Amino acid sequence: MRSNAKVSKEKIISAVLACSFEKGVGATSLAAISSRLGIKKASLYNHYNSREDMISDTVKYCGEVLSKTFFIPNNIEALASRYSAASVLRAIVNRWFKLNEKEPLLLINSFIESEKYFSDSVQEIAGQYRKKITEQTTRALKNLSDAKKIRELTDAQAEDFGTLLASAIHDYLDDYIARKKTEIRLKPYVGKDSLFGELVTESVNYSYAEKIVENFCLLLK
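Residues numbered from 1 in each chain as written. Predicted model: local features only at pLDDT ≥ 70, side-chain atom pairs only at ≥ 80, totals over all residues. Heavy atoms only, no water.

Undergrad: How should I be thinking about the overall build of the chain in this particular structure?
TA: The helix and strand tally for the chain stands at 9 helices and 2 strands. Mapped from its N terminus to its C terminus, the chain presents α and β elements in the order α-α-α-α-α-α-α-α-β-β-α. Evaluated residue by residue, the chain yields a buried proportion of 44% over its 221 residues. If you take every contact in the chain between residues at least 6 apart in sequence, the share linking residues at least 24 apart comes to 69%. (Helix = DSSP H or I, 4+ residues; strand = E, 2+ residues; numbered from the N terminus. Buried < 20%, exposed > 50% of the residue type's maximum accessible area, 1.4 Å probe, protein only. Contact = heavy atoms within 4.5 Å.)

Written out as structure tokens, the structure reads:
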């Protein structure tokens with residue numbers, strides 16, 4: 001960023017997320033943040049009283065974005081009636097991974113997953129987010145069951161299977177993000193409208209997540 005560019009709290013938060021992605025939250029200093037923004041370190045105090053305040057605002061921002069992020073589409077009932085269970089869930093997972101390999105979710109998930117072990121507020125955000133994904137997965141399975149695309153499930157069974165599937169996808173996504181992070185560090189990138197630009201490399205493959213879905217659907221026939 002040019003040194004004469006106007007700096008806002010939003011840009012500072014973006015810089016915090018970018019530095020945390022590269023170095024980890026603990027190693028993200030005011031010097032690193034100001035360097036990324038192209039300003040003097042003292043200029044940060046025009047917006048924040050301390051590094052802790054910046055991190056706190058970044059946590060709040062992450063929570064707000066994740067609260068507006070949904071795993072399944074609003075028209076899941078119509079999709080469940082029209083397509084096979086494997087097609088519906090495979091499309092949802094495919095969209096989910098594409099969404100999470102881009103900003104801001106790539107940076108936010110990396111921040112949340114690494115910081116949740118050191119912050120109660122971040123741990124709460126991570127827990128609520130995972131709960132929401134589980135609830136939405138359960139809803140998708142219930143819709144598929146009602147549409148007779150999988151075997152009939154009671155509400156309790158849908159919740160159990162939803163928890164299992166959401167956990168499997170979440171864990172694989174966490175591993176995927178870690179590998180994506182390594183890819184970004186090692187490969188060149190270009191672009192001016194993004195913190196990292198467009199990667200000059202093929203994306204880490206996530207087809208295994210689709211296989212998880214397909215095999216899961218076989219269990220529910």
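Don't stop here, the text continues.
Undergrad: Quick question: what am I supposed to make of helix α9 (residues 207-219) here?
TA: Because an α-helix completes one turn every 3.6 residues, residues spaced three or four positions apart along the sequence face the same direction. For α9, built from 13 residues, the straight-helix expectation of 18 Å at 1.5 Å per residue is met to within 8% by its first-to-last C-alpha distance of 19 Å. Taken as a whole, α9 has its buried residues at Ala209, Glu210, Ile212, Val213, Phe216 and Cys217. Looking straight down α9, one finds that the buried residues subtend no more than 150 degrees of arc, so they occupy a single side. Among the exposed residues of α9, those oriented more than 90 degrees off its buried face are Leu218 and Leu219. Here the buried face of α9 lies against α5 (85-100), α7 (120-146) and α8 (155-186). (Expected span 1.5 Å × (residues − 1). Arc of directions from axis to C-beta.)

Undergrad: Please clarify how the nonpolar core should be interpreted in this entry.
TA: In a soluble, globular protein the nonpolar side chains are often hidden away together inside. Core analysis: the largest hydrophobic core is formed by 65 residues, its most contacted members being Ile12, Ile33, Leu89, Phe97, Ile112 and Ile169. Ranked by residues supplied to this core, first place goes to α8 with 10 residues. Sequence-distant contacts of Ile169, that is, excluding residues within four places in its chain, are made with Val93, Trp96, Phe97, Ala209, Ile212 and Val213. (Core = buried A, V, L, I, M, F, W, Y, C linked by side-chain atoms within 4.5 Å.)

Undergrad: Sorry if this is basic, but what is going on with α7 here?
TA: Counted at 1.5 Å a residue, the expected span for α7 with its 27 residues is 39 Å, and the 39 Å between its end C-alpha atoms agrees. Note on α7: the residue one or two positions beyond its end, Lys148, has a positive phi of about 65 degrees.

Undergrad: Please clarify how the packing of helix α1 (residues 9-23) against helix α6 (residues 105-115) should be interpreted in this entry.
TA: For any two helices packed against each other, one specifies the crossing angle of their axes together with the interaxial distance. The geometry of α1 relative to α6 is characterised by a closest axis approach of 9 Å and an angle of 65 degrees between their N-to-C directions. By crossing handedness, the relation of α1 to α6 is classed as left-handed. Of the residues in α6, those touching α1 at Leu17, Ala18, Ser20 and Phe21 are Leu106, Leu107, Ile108, Ser110 and Phe111. Split into classes, the residues belonging to the contact of α1 with α6 amount to 7 nonpolar, 2 polar and no charged. (Axes fitted to C-alpha atoms, helices over the stretch in contact; angles between N-to-C directions. Left-handed = near helix turned anticlockwise from the far one by under 90°. Nonpolar A, V, L, I, M, F, W, Y, C, P; charged D, E, K, R; others polar.)

Coordinates in, geometry out; function isn't part of it.
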